[in-house]
Amino acid sequence: MAWVSFFIAMAVSIIFVFVPGLAFFRGLRFSLCSSVCLSPLYSIAVYSVIAIAYDAAGVKCTWWLVFSSALMMALTTLLISHVVERTMIRNDRDSGFSSVLQDLLLSGFRFREVLVYCLVAFVLFAGIFILGLDGPGSYAQTIDTIFHLNTVEAFVDSGIWSSLGASPYAGVDSSIQPFEETGFYPSAWHCLVAMVAGACNATTAVSVNSVNAMLASVVFPCGVYFAMRVLFSEKERVVIWGALAGVCFAAFPWRFLYWGVLFPNLLAYCMVLPVAAVFILAVKTCGQLSDCTKFVVVFVLGLVSLVFSQTNAVFTVAVLLIPYCVYTILESLDGRGSGRHQLTVKVMATVCFLVFVGAIWVACFKMPFLQKVVSNTWVAICDLPQAIVNVAFLSYSGTPAQIVLGILVVAGLFLSIRERNYRWLSASYAIMALMYVLNASHDGILKQVVTGFWYTDHNRVAANLVLASIPLAALGMNGVTSILLANCRKLTNSHTLNNRFIRRGMCGVCALLIAIAVFYPSFSIAGGFDVTTAFGYTRDRVASAYSSSLPNVYDEDERRFVESAMSVVPEGVRIANDPNDGSAFAYGAQGADVLYRVFFGYEEGGEREASVLIREKLYEVAHDANVRAAVEDLGIGYVLQLDYGDSNHSGRYLSEYDRSMWLGIDSISEATEGFELVMSEGDMRLYKIVGA
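First things first, this report covers the structure right here in the doc. Being a predicted model, the structure only gives us computed values, none of them experimental.

## Regarding the nonpolar core
General note: in soluble globular proteins, nonpolar side chains tend to be found buried as a group. In this structure, Met214 and Tyr269 are the most contacted members of the largest nonpolar core, which totals 205 residues. For this core, the element with the highest residue contribution is helix α8 (residues 204-231), accounting for 18 residues. Once residues within four sequence positions are removed from consideration, methionine 214 is found in contact with Met10, Ser13, Ile14, Val17, Phe18, Leu192 and Val219.

Printed below as a string of structure tokens:
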């Protein structure tokens, strides 16, 4: 039954993401198939804006209120469009698409191809992720997981889903939060998970996994398909190969599921390619005002979705499209002048555009609200030669090399260079590759300026490179297959290979061979020779990260102890805790009202005085009036310890921390005046505060 609830939640998440967007894009008179592919751009943007609006109006969000509001807005668009179309028909005016929009959005898009994309992605997701879980409620015990689970739980409890101040303390009176008010944090992913949790009455962890399943196996492949259709409208077979190329890279989306974990970035990057494709359509239809306006509206919606999902994705789109903009500028200048004069004009136009882009980039880098992001530093992970090898063999982030796929990407790179229309794709890839090499092998101000918008995190920069590589991989797969078929035809001197079914069969065999080479799990060869493949490594990492039975920071015994403690602590009474012992998970995973729901930032300032007193001096509650006042102000009635007596810091922790900062909680024992031992099991304790 547990897995039934997971798949129900996944189905509900699909409804939330695709139904309002489908109605909206049908209102803009997009084709049914393209409307499905673009639906997340509307839904994510509108949900985020609605959540902010309701918070400003003092209205508590619920899944039904947010979903119905977004749906009503979309249906209104659809109704207006229908009325306008009927009016135009009565007036004998053309109510159809222009020829450009017709060609781009109707003739090429096919549902059966979308289904193939999604089926391939889901089969891979099931093999890598679902089969590796102990249960649908498993979660990776990482630093980011604490924030994500607790923030979603706070959203569900409070009904405050706004990105303006989203935190694990959403809805908690500001006077009793450990930190001062937080600023903007892109929380579209948290909003979506909260909707699913509320609609299905599912736990936060199950809702998280179901939403991520939907993103990786539905939203991402739909977005890749839309982009491939736009990029390769005249290359049918390349579009088909995109179903395999989109999910071949271990660095994205699969690594984001277990490393970090980078769930908001997962949502954002799932929408990067369709947003970029919509920009291309806007440029292509700039001569038709009506069509271009529609694409500009959709592009803006896409940017809003990215801003509220993970803002760095906006810069990813920008980097991908800079070469396309240069290509478009050069194309528009063809035929204007001749010889050296035309070349001079092209060079000057390109330089001016790049200077303009560079000025905007530097201006964004210096914006005050982005300083915490761009100043963050991940140190280099390798030297320059190794970084180049990582790019060549797709071992970006410590994952094993994908040699066959790397060869296919290089093949696609050369094929794109040969065709003028696709050269900008190779330029986008080259820029992303240079960014990764710089990020992985160097430190300093240049690295901060170039990759600071991604926290200088090589994992996110590698994912950027994956997005630029997908079209090239599809080109390479198609090119290699075409060469093999041509050589087979020459070697056999047979006309049978001209038969459509035989050609398709051979393409299927090639696809199977590529899939085996890319997705084959890790294996051993007799004699003690072990081979770890990229997807074998990924599967093992998922199983390890999400295991609920392996020794971990917040293990099974501790979870059971917290469940028992929750039955003792009266509702509305807060529990003081040291989050480093695993109790930071207790709120998001089980709903325990612990005070400290994150375990970083305490040394950076901005913490309220009452919180500092609890952390450092709670054990003096019987003798210090200030501590007693802090206990009363924060509503604390109990103290939870999950690693009692670990003075040597020998237990399992997510990171090193200064234990002296938590003496107020860790120093409490049965003999401490002002505390009464309520529960005890192994190294776990629950005390009631009786001295306040």
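## Focus: the pattern of salt bridges
Pairing between side chains of opposite charge can happen when the charged atoms of each approach one another. Within this structure, the stated rule accounts for 15 salt bridges. Across the pair arginine 460 and aspartate 457 runs a salt bridge whose closest N-O atoms are separated by 3.1 Å. What makes arginine 460 buried here is its relative accessible area of 11%. Taken together, the shared-partner salt bridges in this structure form one network comprising Arg110, Glu113, Arg229 and Glu236.

## Thoughts on a nonpolar patch on the surface
A contiguous nonpolar surface patch, about 770 Å² in accessible area, is contributed by Val509, Leu512, Leu513, Ile516, Tyr520, Phe523, Ile525 and Phe529. Elements that contribute at least two residues to the nonpolar patch include exactly α21 (500-519) and β1 (523-525). Sort the elements by how many residues they give to the nonpolar patch and α21 lands first, with four residues. Tracing the backbone through its elements, the reader meets phenylalanine 529 in strand β2 (residues 529-531).

## Describing the pairing of strand β3 (residues 574-577)
The side-chain alternation of β3 yields two buried faces, one formed by Arg574 and Ala576 and the other by Ile575 and Asn577. Of the strand pairs in this sheet, β3 and strand β4 (residues 636-641) are connected by four bridges, and their pairing is parallel. Residue alanine 576 lies in a different strand from β4, and its bridge partner there is valine 639.

## Some details on the sheet that holds strand β5 (residues 675-681)
An order of β3-β4-β6-β5 is seen for the four strands of this open sheet, with the pairing classed as mixed. Strands at the two margins of the open sheet, each flanked by one partner only, are β3 and β5. For this sheet the average axis-to-axis angle between neighbouring strands, irrespective of direction, equals 25 degrees. In this structure, β5 lies alongside strand β6 (residues 684-689), joined through six bridges in antiparallel fashion. Along β6, the bridge assignment pairs leucine 677 with tyrosine 687.

## As for the packing of α8 against helix α10 (residues 263-270)
Axis separation between α8 and α10 bottoms out at 10 Å; the angle between their running directions is 25 degrees. With respect to α10, the axis of α8 lies roughly parallel. Both α8 and α10 take part in a crossing whose hand is left-handed. Only Phe263, Leu266, Leu267, Tyr269 and Cys270 of α10 make contact with α8, whose side of the interface consists of Val208, Asn212, Leu215, Val219 and Phe220. Looking at the contact of α8 with α10 residue by residue, the class counts come to nine nonpolar, one polar and no charged.

## Considerations on the environment of glutamate 563
By the element assignment, glutamate 563 lies in helix α23 (residues 556-568). Taking the C-alpha atoms as reference points, glutamate 563 and serine 611, separated by 48 residues in sequence, lie 25 Å from one another. Looking at glutamate 563, its side chain comes within polar contact range of the side chain of glutamine 590, at 3.1 Å.

So, how was this worked out
- Residues numbered from 1 in each chain as written.
- Predicted model: local features only at pLDDT ≥ 70, side-chain atom pairs only at ≥ 80, totals over all residues.
- Heavy atoms only, no water.
- Core = buried A, V, L, I, M, F, W, Y, C linked by side-chain atoms within 4.5 Å.
- Buried < 20%, exposed > 50% of the residue type's maximum accessible area, 1.4 Å probe, protein only.
- Helix = DSSP H or I, 4+ residues; strand = E, 2+ residues; numbered from the N terminus.
- Contact = heavy atoms within 4.5 Å.
- Salt bridge = Lys/Arg side-chain N within 4 Å of Asp/Glu carboxyl O.
- Patch = residues over 30% accessible without salt bridge, like charges linked within 9 Å, V, L, I, M, F, W, Y side chains within 5 Å.
- Areas by Shrake-Rupley, 256 points an atom, 1.4 Å probe, with all protein chains shown as cover.
- Pairing = 2+ DSSP bridges.
- Axes fitted to C-alpha atoms, helices over the stretch in contact; angles between N-to-C directions.
- Parallel < 35°, antiparallel > 145°, perpendicular 65-115°, else oblique.
- Left-handed = near helix turned anticlockwise from the far one by under 90°.
- Nonpolar A, V, L, I, M, F, W, Y, C, P; charged D, E, K, R; others polar.
- Polar contact = N/O pair within 3.5 Å; in protein donor to acceptor, adjacent residues only side chain to side chain.

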